[in-house]
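Structure assessment
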Amino acid sequence: MPFREINSKMVEATVIPGQRLFSQRGAMLAYRGEVSFTPNLGGGQGGLMSMIGRRVAGEATPLMTVEGSGTVLFGHGGHHIQVIALAGDTLYVEADRLLAFDGTLEQGTMFLGSQGGVMGMVRGQVSGQGLFTTTLKGHGSVAVMAHGGVVELPLVPGRPVHVDPQAYVAHHGDVRNKLSTALGWRDMVGRGSGEAFQLELSGSGAVYVQASEEKL
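Here the structure is a predicted model, which is why all the values come from computation and not from measurement.

Here we look at the overall build of the chain
On a plain count of helices and strands, the chain comes out with 3 helices and 13 strands. Taken across its 216 residues, the chain has 49% of its residues classed as buried. Taking the contacts inside the chain whose residues are at least 6 apart along the sequence as the reference set, 80% of them involve residues at least 24 apart. Summed over all atoms, the accessible surface of the chain reaches about 9900 Å², with 54% contributed by carbon and sulfur.

Here is the structure:
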C-alpha cells in the first residue's frame with residue numbers, strides 16, 4: 001500500500017478492503033470513502049512486546065489502525081514527510097517520527113545497546129532520543145517525519161558516514177552504528193551533540209538525515 005506524496009508535508013494513502021495500515025494518532029488530515037480509525041494499544045504488528053518497548057522508551061502514543069475502502073491524507077505538525085520503501089529489509093526509526101506505515105510490515109523494538117554496546121546507550125542519553133528504537137521489517141512503505149527536509153545518504157562498505165545524533169532520522173540495510181567523540185570529555189561539558197559526538201554508521205544500506213537538529 002504505497003503512499004503518494006502530495007507535497008513535502010502531506011501524503012495520500014489508498015485503503016483497500018482486507019488490508020490495513022497504521023498511523024500516528026492525530027495524523028489524519030482528511031479522507032474519502034468508508035474508512036475507519038481505531039486506537040491500537042497492542043503496538044501494531046509487534047504485539048505486546050512492541051507495546052512494552054514503546055512504553056519503556058516513553059513512546060506510549062497509541063497507533064491508529066486504518067481500515068476500509070477509500071483514500072486518506074496524512075500529515076502532522078507541518079513536519080516534512082519522507083516516504084521510504086522497504087523490500088524485505090528492516091528500517092530502524094524513532095517511534096515518534098513514524099507518520100504511517102503499511103500493516104504488512106512487522107513492527108518491533110530494538111535496544112540501541114544491542115548495536116552500539118555501551119556507546120549506543122550513551123548515544124541515547126546524549127541525543128535525548130531514548131534507548132530504544134522502533135523496527136519495521138518486510139515489504140511495504142513507511143512515511144516518516146523530520147524537521148526541515150530529509151536527505152538520503154547511501155552507505156557502502158568501507159566508507160562510513162558520520163552523522164550528528166540529533167540529525168539522525170532512520171536507517172536501513174546491513175548497518176552498524178557506533179558513537180565516537182569529537183572532543184575530549186572535559187571539552188564536551190555544555191556543548192551540543194553535534195560538537196561533541198558523531199554517530200558513525202557503516203555497512204551497506206542508507207541513512208536518512210534531517211536538516212534541523214530539533215527533536216519532534
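After presenting the structure, the write-up continues.
Points about the nonpolar core
One finds Leu-86, Leu-91, Leu-98, Phe-101, Leu-136, Val-142 and Val-144 to be the most contacted residues of the largest nonpolar core, which totals 17 residues. For this core, the elements supplying multiple residues, two or more each, are strand S6 (80-93), strand S7 (98-102), strand S9 (132-146) and strand S12 (168-181). With residues up to four places along the chain from it excluded, the contact list for Leu-136 reads Leu-86, Asp-89, Thr-90, Leu-91, Leu-98, Phe-101, Leu-105, Glu-106, Gln-107 and Val-142. Listed in part, the 16 residues of the second largest apolar core include Val-11, Val-35, Val-83 and Ala-143.

Describing the pairing of strand S2 (residues 10-15)
Direction of pairing for strand S1 (residues 3-7) relative to S2: antiparallel, over a ladder of 4 bridges. Its bridge partner lying in S2, Glu-5 is registered against Val-11. With antiparallel pairing between neighbouring strands as the criterion, S1 and S2 make up a hairpin whose turn holds 2 residues.

Considerations on the side chain of Thr-65
Positionally, Thr-65 belongs in strand S5 (residues 63-74). For Thr-65, a relative accessible area of 6% translates into the label buried. In contact with Thr-65, not counting residues within four places along its chain, are Arg-20, Leu-21, Phe-22, Ser-36, Phe-37, Thr-38 and Asn-40.

As for the environment of Ala-87
Here Ala-87 is to be found in strand S6. Through-space distance from the C-alpha of Ala-87 to that of Gly-138 is 6.4 Å; in sequence the pair is 51 residues apart. In this structure, Ala-87 is in contact with Gly-138 and His-139, ignoring residues within four places of it in sequence.

A few points about the pattern of salt bridges
Scanning the entire structure with this criterion turns up 2 salt bridges. Of the charged contacts, one joins Arg-4 and Glu-12 as a salt bridge, the two residues approaching to 3.0 Å between their closest N and O atoms. Since its relative accessible area comes to 11%, Glu-12 is described here as buried. The salt bridge partner of Arg-32 is Glu-12, with a shortest N-O separation of 3.1 Å. Placement of the pair is Arg-32 in strand S4 (residues 28-40) and Glu-12 in strand S2, with a sequence separation of 20 residues. Take Arg-32: its relative accessible area is 54%, and that puts it in the exposed class. In this structure, a network of salt bridges that share partners links the residues Arg-4, Glu-12 and Arg-32.

Observations concerning the environment of Gln-24
Positionally, Gln-24 belongs in strand S3 (residues 20-24). A C-alpha to C-alpha distance of 8.2 Å links Gln-24 and Asp-96, two positions 72 residues apart in sequence. Gln-24 has contacts with Met-64, His-76, Ala-95, Asp-96, Leu-98, Leu-99 and Met-145, leaving out every residue within four places of it along the chain.

So, how was this worked out
Residues numbered from 1 in each chain as written. Predicted model: local features only at pLDDT ≥ 70, side-chain atom pairs only at ≥ 80, totals over all residues. Heavy atoms only, no water. Helix = DSSP H or I, 4+ residues; strand = E, 2+ residues; numbered from the N terminus. Buried < 20%, exposed > 50% of the residue type's maximum accessible area, 1.4 Å probe, protein only. Contact = heavy atoms within 4.5 Å. Areas by Shrake-Rupley, 256 points an atom, 1.4 Å probe, with all protein chains shown as cover. Core = buried A, V, L, I, M, F, W, Y, C linked by side-chain atoms within 4.5 Å. Pairing = 2+ DSSP bridges. Salt bridge = Lys/Arg side-chain N within 4 Å of Asp/Glu carboxyl O.

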